[in-house]
Amino acid sequence: LVARGISVRSYHWRVPWQPASGEGDMVNDPHGRPLKGLLASVAQVGFHLLTAWPAWWRHVAPARRQGEWILLDRCFLDLLCDPRRYRCGAPRWLARAAAALMPRADRLVVLHAPPEVIRARKREVEPDELLRQLEAYRACGQARGGILIDSADAPEVVACRVASAVGLT
């Protein structure tokens, strides 16, 4: 995008209200810690819902008016597909309701690859969980009009597929 003169801001999982210090939600063993309790999980979902719109108005809306692209590596929908990554024990209906109220992406791109390709790259989760997640991400993307991109190839090839899918080529 930058090579095409398009300014890009990138965030991991959510657009923060305040500039973040460090990596925040990046984890090496996403399922290695126990779920939070019900109250903490409900508070977690509520916090993200209550801060999403102010962050969107503060950062995303002005950037979009200036022609900037905002890229999220993961987003709140990730919590629907992999709640253990975020240690979230909130009821699924609550997470789905919060997701329905979150700001919507202009384009949702879901990178997808065969399980054996993903396992060769990274072994964060067990094979059964990986299969469950792949189906959950596929279903979530389809339900929200997402673009499913084969990410089994080299990053440069995948980037070209994404660029083509979002109308940059």
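Below you will find a few notes about this structure. Predicted model, so just to flag it, every value in this text is computed and none were measured. (Residues numbered from 1 in each chain as written. Predicted model: local features only at pLDDT ≥ 70, side-chain atom pairs only at ≥ 80, totals over all residues. Heavy atoms only, no water.)

1. Here we look at the pattern of salt bridges
Piece 1. Inspection of the entire model under this criterion finds nine salt bridges.
Piece 2. One salt bridge in this structure joins E68 and R9, with 3.0 Å as the shortest N-O distance. With E68 in the loop between α1 (38-65) and β2 (69-73) and R9 in strand β1 (residues 8-12), the pair connects residues that are 59 residues apart, well separated along the chain.
Piece 3. Its relative accessible area of 12% is what places E68 among the buried residues.
Piece 4. Residues E129 and R132 are paired through a salt bridge, measuring 2.7 Å at the closest nitrogen-oxygen approach. With E129 and R132 both in helix α5 (residues 127-143), this residue pair falls three residues apart, about one helical turn.
Piece 5. Judged by relative accessible area, R132 falls into the partly exposed class, the value being 37%.
Piece 6. Three or more residues joined by partner-sharing salt bridges are found here, namely D82, R85, K122 and E124. (Salt bridge = Lys/Arg side-chain N within 4 Å of Asp/Glu carboxyl O. Helix = DSSP H or I, 4+ residues; strand = E, 2+ residues; numbered from the N terminus. Buried < 20%, exposed > 50% of the residue type's maximum accessible area, 1.4 Å probe, protein only.)

2. Structural notes on helix α3 (residues 92-101)
Piece 1. Every buried residue belonging to α3 is among L94, A95, A98 and A99, and all of these are buried. Along the axis of α3, the buried positions cluster into a sector of 135°, meaning they face one direction only. Those residues of α3 that are exposed and angled more than 90 degrees off the buried face are W93, A100 and L101.
Piece 2. Buried residues along α3 sit in contact with α1 and α2 (77-81). (Arc of directions from axis to C-beta. Contact = heavy atoms within 4.5 Å.)

3. Brief notes about the side chain of Q44
Piece 1. Among the secondary structure elements, Q44 is positioned in helix α1.
Piece 2. By relative accessible area, which is 10% here, Q44 ends up buried.
Piece 3. Side-chain polar atoms of Q44 contact the backbone oxygen of Y86, separated by 3.0 Å.
Piece 4. Ignoring any residue separated from it by four or fewer positions in sequence, one finds Q44 in contact with K36, Y86, R87 and C88. (Polar contact = N/O pair within 3.5 Å; in protein donor to acceptor, adjacent residues only side chain to side chain.)

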